Amino acid sequence: MGLRSDIRTIKRKDPAATSTLSILLTSNGMHAVWIYRFSHLLWKMRLKLLARITSTIARFLTGVEIHPAAIIGKNFVIDHGTGTVIGESTVIGYNVLIYHQVTLGGTGNESGKKRHPSLCDGVMIAAGAKILGDIRIGTNARVGANAVVLKNVPSNATAVGMPARFILNENMKEEDCSLMSKELK
Ligand SMILES: CC(C)(COP(=O)(O)OP(=O)(O)OC[C@H]1O[C@@H](n2cnc3c(N)ncnc32)[C@H](O)[C@@H]1OP(=O)(O)O)[C@@H](O)C(=O)NCCC(=O)NCCS
């Protein structure tokens, strides 16, 4: 979960990010992820109010709201970030990229413990997309800008539109969701 690995990943995924110094100083998405890691630690230590206060400060500073209970794997990049919301029971695998104004939220009809989506490794969620409910976005799947996704997306598929339709390819698998870290399963 290192700083260097975060910066390397941002350089790989964002063509505009070339200088380490400018990433350190200006990447609000990265700042949001760092503060989330601290608030998640507080949450795990059962300091829940402090964790919520920390994530509220992060929202104020970065425009990104990540619930401290969400589970997020390595090399997670939020590009631009402003307006992005990540709900309480969201699970995010490794090497996931999301853009600004993305919502990983509940539908409003669910009341159980798991109300938010799970994103498998390598997923990309484009700007403005809303992923709602306890659904799975399969490994290396992509979700297009402004899509509204209410159903599981197969691995390697692309979901576009509202409600989302799937553009499939030969590598698609219905059930596959590789999450590299066991603790994320
Ligand atoms: C989803 C996305 C990655 C798909 O790229 P792609 O695989 O190259 O897909 P294509 O451009 O070949 O389009 C395939 C089909 O999906 C449609 N489509 C693509 N993106 C769409 C979108 N966001 N909403 C609705 N339909 C979309 C195309 O019109 C095309 O439809 P057709 O088959 O009926 O002609 C891309 O369109 C996208 O949304 N990128 C946004 C990235 C982003 O957030 N950038 C912000 C940077 S600041």
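Before reading on, note that the structure itself is shown above.
Residue positions are counted from 1 within each chain, in the order its sequence is given. Since the coordinates come from a predicted model, pLDDT governs what is reported: local features require at least 70, and pairs of side-chain atoms require 80 or more to be given and counted, while whole-chain, interface and lining totals use all residues. Side-chain calculation: all heavy atoms of the structure are included, whereas hydrogens and water are not.

Engineer: Describe the site of the ligand, and please don't skip the residues or the numbers.
Structural biologist: Neighbouring the ligand are 14 residues, the closest being Ala126, Ala127, Arg142, Gly144 and Ala145. In the environment of the ligand, an oxygen atom lies 2.4 Å from a nitrogen or oxygen atom belonging to the side chain of Arg142. Between the ligand and the protein, one listed contact pairs an oxygen atom with a side-chain N or O atom of Arg165 at 3.3 Å. Here, Shrake-Rupley sampling with a 1.4 Å probe gives the accessible areas, and only protein chains in the shown set may cover a residue. In the complex, 44% of the free accessible area of the ligand, which totals 910 Å², lies under the protein chains. For the purposes of this entry, the term helix denotes a DSSP run of H or I that reaches at least four residues, the term strand denotes a run of E that reaches at least two, and both are numbered from the N terminus. Among the elements of the structure, strand S14 (158-160) and strand S15 (165-167) are those that each provide at least two residues to the shell around the ligand. The near set for a molecule or strand comprises every residue that places at least one heavy atom within 4 Å of it. Between N or O atoms, a polar contact is any pair within 3.5 Å; within protein, one atom must be a potential hydrogen donor and the other a potential acceptor, and residues adjacent in sequence are included only when both atoms are from side chains.

Engineer: Break down unusual backbone geometry for me, citing the residues and quoting the values.
Structural biologist: With an omega of -10°, the peptide bond between Met162 and Pro163 qualifies as cis. You will see that His80, though not glycine, has its phi angle at about 65°, which is positive. Here His80 shows up in the loop between strand S3 (77-78) and strand S4 (85-86).

Engineer: Tell me about helix H3 (residues 28-44), residues and numbers included.
Structural biologist: With 17 residues, H3 extends 24 Å from end C-alpha to end C-alpha; this agrees with the ideal 24 Å at 1.5 Å per step. Within H3 the residues assigned to the buried category are Asn28, Gly29, Met30, Ala32, Val33, Tyr36, Arg37, Ser39, His40, Leu42 and Trp43. Where H3 is buried, its residues touch helix H1 (3-13), helix H2 (20-26), helix H4 (48-62), strand S1 (65-66), strand S2 (71-72) and S3. Phi for Arg46, located one or two positions after H3, is positive at around 65°. A helix's residues, less one, multiplied by 1.5 Å, set its expected span. When accessible area is computed with a 1.4 Å probe and restricted to protein chains, residues below 20% of their type maximum are described as buried, those above 50% as exposed, and intermediate ones as partly exposed. Contacts were defined at the residue level, with two residues in contact if any of their heavy atoms lie within 4.5 Å.

Engineer: Give a detailed account of empty space enclosed by the protein, specifying residues and quantitative values.
Structural biologist: Only protein atoms enter the 1 Å grid used here. Points where a 1.4 Å probe fits but cannot escape make up a cavity, open sets with protein on both sides within 12 Å along at least five of seven lines make up a pocket, and a residue lines them when an atom lies within 4 Å of a point. Grid points are joined across faces, edges and corners, and a volume is the space filled by probe spheres set on the points. According to the stated counting rule, one finds one cavity of 30 Å³ or more in the structure shown. Approximately 50 Å³ is the volume attributed to the largest cavity. Lining the largest cavity are Asp6, Ile10, Ser27, Gly29, Met30, Val33, Phe76, Val77 and Ile78. By residue number, the principal contributor to the lining of the largest cavity is H3, which donates three residues. Amino acids are sorted into nonpolar (Ala, Val, Leu, Ile, Met, Phe, Trp, Tyr, Cys and Pro), charged (Asp, Glu, Lys and Arg) and polar (every other residue, Gly among them). Looking at the lining of the largest cavity residue by residue, the class counts come to six nonpolar, two polar and one charged.

Geometric descriptors of this kind do not, in isolation, establish any biological role.
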